Amino acid sequence: MILVTDINKQEFAALLQRFKLNLIWVASSNAIPGSYWGESEAGLINDQLIVRADTPLHSALHEACHYICMDSDRRTSLHTNSGGDCDEENAVCYLQILLASYIADFSQQHMLEDMDAWGYSFRLGSASQWFEHDAEDAKDWLLKKNLINNALKP
């Protein structure tokens with residue numbers, strides 16, 4: 001599993017800044033504030049994505065994509081639980097796979113493998129099968145919100 005410390009921290013912070021999301025690091029001995037899953041999983045509080053050295057990159061991107069997909073009203077009261085519905089959750093998963101391509105030394109394939117290793121659950125049995133054969137609704141959701149176009153501009 002790829003961790004946030006396995007990639008270029010400045011590059012990752014710059015990617016998040018494109019969406020007005022700030023990357024915050026906590027010491028390895030501290031709990032991660034705003035972490036829904038606890039342990040080493042990323043946290044979200046307002047416009048802050050909170051990670052530590054052992055945070056999996058897929059977790060950081062997943063939480064970042066929750067922030068990207070929510071409206072400004074939800075962002076202002078965001079603390080730990082991003083909320084949203086099933087359609088948004090699918091869109092978050094789809095977007096995190098797309099954004100994986102924007103991180104050097106990472107890829108969509110790495111993301112798909114890490115999602116499977118963590119235990120993301122999809123009808124077709126794997127993140128890859130879902131992304132390739134069953135994610136049209138997630139893609140449409142992102143297109144309707146104009147998030148893919150904004151997210152993928154160089």
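Below, the structure is looked at part by part. Each chain has its residues counted from 1, following the order in which its sequence is written. With pLDDT at 70 or above as the cut-off, local features in this predicted model cover only qualifying residues; side-chain atom pairs require 80 or more to be listed or tallied, and sums for whole chains, interfaces and linings still use all residues. Excluded from the side-chain calculations are hydrogens and water; all other atoms, namely the structure's heavy atoms, are used.

Here we look at a negative patch on the surface
Logical step 1: A patch consists of residues whose relative accessible area exceeds 30% and which take part in no salt bridge; residues with like charges are grouped when within 9 Å of each other, and nonpolar side chains (Val, Leu, Ile, Met, Phe, Trp, Tyr) when within 5 Å. We get accessible surface area from the Shrake-Rupley algorithm with a probe of 1.4 Å; when it comes to residues, only the shown protein chains can shield them. The rule for a salt bridge is simple: a side-chain nitrogen of Lys or Arg has to be within 4 Å of a carboxyl oxygen of Asp or Glu. In this count, Lys and Arg are taken as positive residues and Asp and Glu as negative ones, while His and the chain termini are left out. We put the charge of a Lys on NZ, of an Arg on CZ, of an Asp on CG and of a Glu on CD. Together, Asp-85, Asp-87, Glu-136, Asp-137 and Asp-140 line one region of the surface with negative charge.
Logical step 2: We count a stretch as a helix when DSSP gives it H or I for four or more residues in a row; a strand needs E for two or more, and each element gets its number in order from the N terminus. The greatest single-element share of the negative patch, amounting to three residues, is contributed by helix 7 (residues 136-144).
Logical step 3: Position of Asp-140 among the secondary structure elements: in helix 7.
Logical step 4: Relative accessible area serves as the criterion here: at 33%, Asp-140 is assigned to the partly exposed category. Note on classification: 1.4 Å probe, protein chains only; a residue is buried when its accessible area is under 20% of the maximum for its type, exposed when over 50%, partly exposed between these limits.

What to know about helix 1 (residues 9-17)
Logical step 1: Every buried residue of helix 1 is listed here: Phe-12, Leu-15 and Leu-16. For helix 1, the angular spread of buried residues about the axis comes to 95°, placing them on one side.
Logical step 2: Throughout, a contact is declared for two residues whenever any of their heavy atoms are within 4.5 Å. The secondary structure elements touched by the buried residues of helix 1 are strand 1 (22-25), strand 3 (48-51), helix 2 (57-69) and helix 4 (86-99).
Logical step 3: A side-chain oxygen of the first residue of helix 1 lies 3.0 Å from the backbone nitrogen of Gln-10; this N-cap is Asn-8. In this context, the arc is that of the directions from the helix axis out to the C-beta atoms. Nitrogen and oxygen atoms within 3.5 Å of one another constitute a polar contact, given that in protein one can donate a hydrogen and the other can accept it, and given that sequence-neighbouring residues count only through two side-chain atoms.

Re the packing of aromatic side chains
Logical step 1: Here is the rule: rings of Phe, Tyr and Trp (six-membered ring for Trp) pair when centre to centre is within 6.5 Å. Planes less than 30 degrees apart are stacked, more than 60 are edge-to-face, and the remainder are tilted. Per the stated rule, a full pass over the model turns up four aromatic pairs.
Logical step 2: Three or more aromatic residues joined by ring pairs make a cluster, and in this case those are Tyr-36, Trp-37 and Trp-118.
Logical step 3: Directly above the aromatic system of Trp-25 lies the positively charged group of Lys-9, at a separation of 4.8 Å from the ring centroid.
Logical step 4: Charge-over-ring placement is defined geometrically: NZ (Lys) or CZ (Arg) within 6 Å of the ring centre, and within 35 degrees of the ring normal. Seen from the ring of Tyr-67, Arg-75 lies directly overhead, with NZ or CZ sitting 4.2 Å from the centre.

What about the packing of helix 4 against helix 5 (residues 108-118)?
Logical step 1: It is at 7 Å that the axes of helix 4 and helix 5 come closest, and there the two elements cross at 140°. By the criterion of interaxial angle, the relationship of helix 4 to helix 5 is oblique. Of helix 5, the residues touching helix 4 (which contributes Cys-93, Gln-96, Ile-97 and Leu-98) are Gln-108, Met-111, Leu-112 and Met-115. Here, axes are lines fitted to C-alpha atoms. For helices the fit covers the stretch in contact, and angles between N-to-C directions go from 0 to 180 degrees. Any angle between 65 and 115 degrees counts as roughly perpendicular, while under 35 counts as roughly parallel, over 145 as roughly antiparallel, and the rest as oblique.

Digging into the layout of surface pockets
Logical step 1: Estimates place the volume of the largest pocket at around 400 Å³.
Logical step 2: Buriedness for pockets is judged along seven lines, at least five of which must meet protein on both sides within 12 Å for an open set on the 1 Å grid over protein atoms alone, while cavities are sets there where a 1.4 Å probe fits but cannot get out, and lining residues have an atom within 4 Å of a point. As for the largest pocket, its lining consists of 23 residues, and the residues nearest its centre are Trp-37, His-62, His-66, Glu-89 and Tyr-120.
Logical step 3: Elements with a contribution of two residues or more to the lining of the largest pocket: helix 2 and helix 4.
Logical step 4: Examining the composition of the lining of the largest pocket, we find that five residues originate from one element, helix 2, more than from any other. Grid points are joined across faces, edges and corners, and a volume is the space filled by probe spheres set on the points.

Some thoughts on the environment of Ser-77
Logical step 1: Of note, Ser-77 is situated in the loop between helix 3 (72-76) and helix 4.
Logical step 2: Sequence separation of Ser-77 and Asn-22 is 55 residues, and the distance between their C-alpha atoms is 16 Å.

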